[in-house]
Amino acid sequence: MGQPTLILASASPRRRELIARLGLEPAAINPADIDETPAAGERPRDYAIRMAREKAQAAASDDGFVLAGDTVVAAGRRILPKAEDEVTARKCLELLSGRRHRVLSAIALRAPDGHMRERLCETMVLFKRLSAEEIDAYLASGEWEGKAGGYAIQGLAEGLISRIQGSHSGVVGLPLYETRALLKSAGFQIV
Ligand SMILES: Cc1cn([C@H]2C[C@H](O)[C@@H](COP(=O)(O)OP(=O)(O)OP(=O)(O)O)O2)c(=O)[nH]c1=O
């Protein structure tokens, strides 16, 4: 039996690389453009799941399974923004410095008949206490651009992270354990 058709609803090159690590190649990449504004008082985990579902729904297809993901950085109940400018990135790093925070990574899989399955992965991340020099140097790298919470663990930031409990791939954007389980439950054959 052949593999079901997989459509990846993501513009993120990291999600493409991560899905390849499960030995899968999407038949199509259909990024979903949705409104990513959190609702007032929305909990980080609810927001991550809602975003993943909305992305999968926006790329809905009768021809295959649509996989989408969403990664949210949360400090307590607070949802950190995607850092689009240096001021925002600095605020995020100052907030995360020396404190534990959570990264919520939700994935949603929409079946061709419209049935939606989802999973959530939660990872604790601890940054060292960052000095002013460390923050300045990190900002100068530009790696924070467009990243939730103003950092990317897959780059320089990992040298500033003393502990992570959960899923490294989840922090990057597609939790491989949960993604494999979700795809297997939908009939994909994966090692
Ligand atoms: C915390 C963290 C975030 N990020 C990035 C991944 C995403 O760009 C962003 C989370 O935003 P997402 O909305 O999850 O993803 P995206 O906008 O990049 O792609 P798409 O919606 O098309 O699938 O933060 C990292 O790359 N590494 C990290 O360590």
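Since we're looking at a predicted model, the values are computed, not measured. (Residues numbered from 1 in each chain as written. Predicted model: local features only at pLDDT ≥ 70, side-chain atom pairs only at ≥ 80, totals over all residues. Heavy atoms only, no water.)

Trainee: Looking at this model, I keep getting lost on the side chain of Glu178. Mind explaining?
Mentor: Looking at the secondary structure, you find Glu178 in helix H6 (residues 176–185). Among buried Asp, Glu, Lys and Arg side chains, Glu178 stands out as unpaired, with Arg119 the closest opposite charge at 7.3 Å. Setting aside residues no more than four positions away along its own chain, Glu178 makes contact with Ile107, Arg119, Leu120 and Cys121. (Helix = DSSP H or I, 4+ residues; strand = E, 2+ residues; numbered from the N terminus. Buried < 20%, exposed > 50% of the residue type's maximum accessible area, 1.4 Å probe, protein only. Lys, Arg positive; Asp, Glu negative; His and termini not counted. Salt bridge = Lys/Arg side-chain N within 4 Å of Asp/Glu carboxyl O. Contact = heavy atoms within 4.5 Å.)

Trainee: Any chance you could explain H6 here in plain terms?
Mentor: Owing to its 3.6 residues per turn, the α-helix aligns residues three or four sequence positions apart on the same side. Here H6 has its buried residues at Leu176, Glu178, Thr179, Leu182 and Leu183. What you see down the axis of H6 is that its buried residues fit within an arc of 160 degrees, all on one side. In this structure, the buried side of H6 is in contact with strand S1 (6–8), helix H1 (13–20), strand S3 (65–75), strand S5 (100–110), strand S6 (116–127) and helix H5 (168–172). Following H6 by one or two positions, Gly187 adopts a phi angle in the positive range, close to 105 degrees. (Arc of directions from axis to C-beta.)

Trainee: Please explain the side chain of Thr71 as it appears in this structure.
Mentor: Relative to the elements of secondary structure, Thr71 occurs in strand S3. Residue Thr71 is classed as buried on the basis of its relative accessible area of 17%. Engagement of the side chain of Thr71 in a polar contact is seen with the side chain of Arg15, the distance being 3.1 Å. Dropping the residues within four chain positions of it, Thr71 is found in contact with Arg15, Val103, Leu104, Ser105, Ala148, Gly170, Val171 and Gly173. (Polar contact = N/O pair within 3.5 Å; in protein donor to acceptor, adjacent residues only side chain to side chain.)

Trainee: How should the site of the ligand be read in this particular structure?
Mentor: As a structural note, the neighbourhood of the ligand is formed by 20 residues, with Ser10, Arg14, Arg15, Lys55 and Ile153 the closest of them. Ala148 has a polar backbone atom sitting 3.0 Å from an oxygen atom of the ligand. Within the side chain of Gln154, one N or O atom sits 2.8 Å away from an oxygen atom of the ligand. When the free accessible area of the ligand is taken as 600 Å², the share hidden by the protein chains comes to 92%. With respect to the pocket detection grid, the ligand is positioned in the largest pocket. Mapped by element, the contributors of at least two residues to the shell around the ligand are H1, S3 and H5. Tallying contributions element by element places S3 first for the shell around the ligand, with three residues. For the shell around the ligand, a count of residues per class yields eight nonpolar, five polar and seven charged. (Near = heavy atom within 4 Å. Areas by Shrake-Rupley, 256 points an atom, 1.4 Å probe, with all protein chains shown as cover. 1 Å grid on protein atoms, 1.4 Å probe; cavity = no way out; pocket = protein on both sides within 12 Å on 5 of 7 lines; lining within 4 Å. Sits in = over half its atoms within 2 Å of the grid points. Nonpolar A, V, L, I, M, F, W, Y, C, P; charged D, E, K, R; others polar.)

Trainee: Explanation requested: the packing of aromatic side chains in the structure shown.
Mentor: To describe a pair of aromatic rings, one takes the distance between the centres and the angle between the planes. If you walk through the whole model with that rule in mind, you get two aromatic pairs. Ring geometry for Phe65 against Phe188: centres 5.5 Å apart, planes inclined by 70 degrees, an arrangement best described as edge-to-face. In this pair, Phe65 sits in strand S3 while Phe188 sits in the segment after H6, placing the two residues 123 residues apart along the sequence. Residue Phe65 shares its accessibility class with Phe188, and that shared class is buried. (Phe/Tyr/Trp six-rings, centres within 6.5 Å; stacked < 30°, edge-to-face > 60°.)

Trainee: So what exactly am I meant to see when it comes to H1 here?
Mentor: Of the positions making up H1, those classed as buried are Arg15, Leu18 and Ile19. The buried residues of H1 occupy an angular sector of 100 degrees when the element is viewed end-on, so they sit on one face. If you follow the buried residues of H1, they end up packed against S1, helix H2 (44–58), S3, H5 and H6.

Trainee: I'm lost on the environment of Gly150 in this one. Help?
Mentor: With respect to the element layout, Gly150 can be found in the loop between helix H4 (132–141) and strand S7 (161–165). Among the residues examined, Gly150 registers a relative accessible area of 0% and is labelled buried. Sequence separation between Gly150 and Asp85 is 65 residues, and the spatial gap between their C-alpha atoms is 9.2 Å. When sequence neighbours within four positions are dropped, the list of residues in contact with Gly150 reads Pro81, Ala83, Cys92, Leu93, Tyr138 and Trp144.

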